[in-house]
Amino acid sequence: MKNKLLLLLPCLALFASCYQQEKNCTHFQTGKFEFITTIDGVEKKSTFIRTEEYEIEEFEGKIDTSSIRWVSDCEFILQKINPKNMAEQKAVNIKIITTDGDNCVFEYGLVNDARRERGNLRKIGEL
């Protein structure tokens with residue numbers, strides 16, 4: 001009995017390591033969203049609306065609009081429409097890593113820059 005259990009454990013470990021949570025990226029392509037992050041130790045909230053072509057973000061009373069170009073169901077490029085400085089002219093690559101209901105984990109960074117950050121996003125409504 002003990003030998004059978006020892007044979008079963010590696011099989012279970014193999015199946016567990018191969019399991020990947022199903023992603024529902026299309027659920028996050030359009031809608032109303034909320035993103036919470038910490039900047040200099042202070043929690044900040046951004047809300048935005050994403051259509052098929054644009055993302056309109058409200059952060060600390062300011063509104064910015066970016067165009068969206070979808071690379072795949074789970075990856076897109078954001079480009080500010082009216083950048084105010086050189087840094088805002090750079091496009092941002094966003095890739096959805098996992099989804100769970102109305103929540104998703106995404107990875108983002110400037111296009112052609114190897115540095116990446118992770119964030120959590122919550123869908124708060126449909127358009």
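Right, let's walk through the structure included here. Note that the coordinates shown come from a computational prediction; the quantities given were computed from them, not determined experimentally.

Here we look at the nonpolar core
Then comes step 1: If you look at the biggest cluster of nonpolar residues, it comprises 14 residues, and the most contacted ones within it are Phe28, Ile96 and Leu121.
Then comes step 2: Residue assignment for this core shows that the elements contributing at least two residues are strand E1 (31–39), strand E5 (75–80), strand E6 (92–100) and strand E7 (103–110).
Then comes step 3: Setting aside its immediate chain neighbours within four residues, Leu121 contacts Phe28, Phe33, Glu34, Phe35, Phe48, Arg50, Asp102, Asn103, Cys104 and Phe106.

Examining the state of the cysteines
Then comes step 1: Overall, the coordinates contain one disulfide when judged by the stated rule.
Then comes step 2: Free cysteine Cys104: the closest other cysteine sulfur is in Cys25, separated by 7.9 Å.

Details of the pairing of strand E2 (residues 42–50)
Then comes step 1: Pairing geometry for E1 and E2, over nine bridges, is antiparallel. Bridge pairing in E2 links Ile39 to Val42.
Then comes step 2: Taking the residues that link successive antiparallel strands as the turn, the E1-E2 hairpin has two residues, and the phi of Asp40 there is positive, at about 50 degrees.
Then comes step 3: Where E2 and strand E3 (residues 54–59) come together, four bridges link them in antiparallel fashion. The residue of E3 that forms the bridge with Ile49 is Ile56.

Rules behind the numbers
Residues numbered from 1 in each chain as written. Predicted model: local features only at pLDDT ≥ 70, side-chain atom pairs only at ≥ 80, totals over all residues. Heavy atoms only, no water. Core = buried A, V, L, I, M, F, W, Y, C linked by side-chain atoms within 4.5 Å. Buried < 20%, exposed > 50% of the residue type's maximum accessible area, 1.4 Å probe, protein only. Helix = DSSP H or I, 4+ residues; strand = E, 2+ residues; numbered from the N terminus. Contact = heavy atoms within 4.5 Å. Disulfide = S-S within 2.5 Å. Pairing = 2+ DSSP bridges.

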